[in-house]
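# Fold and contact review
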Amino acid sequence: QVQLVESGGGLVQAGGSLRLSCAASGGTTSTYNMGWFRQPPGKEREFVAAITWGASTTSYSGSVKGRFTISRDNAKGTVNLQMNSLKPEDTAVYYCAADIDRLVLNIRSAQYEYWGQGTQVTVSS
């Protein structure tokens, strides 16, 4: 059973930075594509970033491109999201997710099979 546990969320002022981490265990997660999604208050869950299993390809939503960086360390079983120049509109619960389909780097949440519990990120103005 794959388990994903996020950490690193918190309260930060606008313009600040946070680094989220996702610890994966219980399966061959080093062979899965991984993604970060977020759900702002009162809104639907949305795509943030994704990375292929070998870290050769990444994808970002337009709202975070240039500010956020996704990375992974398969030896440690972790996927990270470095978030810089944070804005109040980045406030959301952030989720880590795993996709067993290695052929396509998906950005739709429905394509991801495993999910973490989420970590809250709050950006104050």
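Residues numbered from 1 in each chain as written. Predicted model: local features only at pLDDT ≥ 70, side-chain atom pairs only at ≥ 80, totals over all residues. Heavy atoms only, no water.

## A word on the packing of aromatic side chains
To keep it simple, the criterion reads: Ring pairs are drawn from Phe, Tyr and Trp, using the six-membered ring of Trp, whenever the two centres fall within 6.5 Å, and their geometry is named by plane angle: stacked under 30 degrees, edge-to-face over 60, tilted for the rest. Secondary structure elements are defined from DSSP: runs of H or I of at least 4 residues count as helices, runs of E of at least 2 residues count as strands, and each element is numbered from the N terminus. Under the scheme applied here, a residue whose accessible area is under 20% of the maximum for its type counts as buried, over 50% as exposed, and between as partly exposed, the area being computed with a 1.4 Å probe on protein chains only. Charges are assigned to positions over rings by a cutoff of 6 Å between ring centre and Lys NZ or Arg CZ, combined with an angular limit of 35 degrees from the ring normal.
Inspection of every chain in the model, using the stated rule, returns 6 aromatic pairs. Residues Tyr-32 and Tyr-114 carry aromatic rings whose centres are separated by 6.3 Å and whose planes lie at 10 degrees to one another, so their mutual orientation is stacked. On the criterion of sequence distance, the pair formed by Tyr-32 in the loop between β3 (18-25) and β4 (33-39) and Tyr-114 in strand β10 (residues 114-115) is long-range, its members being 82 residues apart. Note on Tyr-114: relative accessible area 25%, which makes it partly exposed. Residues Phe-37 and Trp-115 carry aromatic rings whose centres are separated by 5.1 Å and whose planes lie at 55 degrees to one another, so their mutual orientation is tilted. Within this pair, whereas Phe-37 is found in strand β4, its partner Trp-115 is found in strand β10, the two being separated by 78 residues in sequence. By relative accessible area, which is 25% here, Trp-115 ends up partly exposed. When the ring centre of Tyr-95 is taken as origin, the NZ or CZ atom of Arg-45, which lies over that ring, is 3.9 Å away.

## What about the state of the cysteines?
Test applied: When two cysteine sulfur atoms lie within 2.5 Å, the pair is treated as a disulfide.
For the structure on display, the rule yields 1 disulfide. What pairs with Cys-22 in a disulfide is Cys-96, and their sulfur atoms sit 2.1 Å apart. Across the S-S bond linking Cys-22 and Cys-96, the dihedral sits near -75 degrees, which makes this disulfide left-handed. Residue Cys-22 is found in strand β3, and its partner Cys-96 is found in strand β9 (residues 92-99); the two are separated by 74 residues along the sequence. Looking at Cys-96, the relative accessible area reads 0%, which means it is buried.

## Let's talk about the nonpolar core
Where a protein is soluble and globular, its nonpolar side chains tend to be buried together. The test is simple: What we call a nonpolar core is a set of buried Ala, Val, Leu, Ile, Met, Phe, Trp, Tyr and Cys residues that are connected through their side-chain atoms within 4.5 Å. Contacts are residue-level and defined by heavy atoms, with any inter-residue pair within 4.5 Å sufficient.
Residues Met-34, Trp-36, Leu-81, Met-83 and Tyr-94 are the most contacted members of the largest nonpolar core, which totals 26 residues. Every element with two or more residues in this core is listed here: β3, β4, β5 (46-51), β7 (68-73), β8 (78-83), β9 and β11 (119-124). Not counting residues up to four positions away in its chain, the partners in contact with Tyr-94 are Glu-6, Leu-20, Trp-36, Phe-37, Arg-38, Val-48, Phe-68, Leu-81, Met-83, Gly-118, Thr-119 and Val-121.

## Topic: the sheet that holds β3
Hydrogen bonds between backbone atoms are what pair the strands of a sheet, whose relative direction is either parallel or antiparallel. Short version of the rule: Any two strands with at least two DSSP bridges between them are considered paired. What counts as an axis is a line fitted to C-alpha atoms, over the stretch in contact for a helix, and the angles between N-to-C directions run from 0 to 180 degrees.
Across the sheet, which stays open at both edges, the 4 strands sit in the order β1-β3-β8-β7 with antiparallel pairing between neighbours. Here the strands that pair on one side only, and so sit at the sheet edges, are β1 (3-7) and β7. In this sheet, neighbouring strand axes are inclined to one another by 15 degrees on average, regardless of whether the strands run parallel or antiparallel. Bridge count for β1 against β3 is 5 bridges, and the pairing is antiparallel.

No statement about biological role is implied by the geometric values presented.
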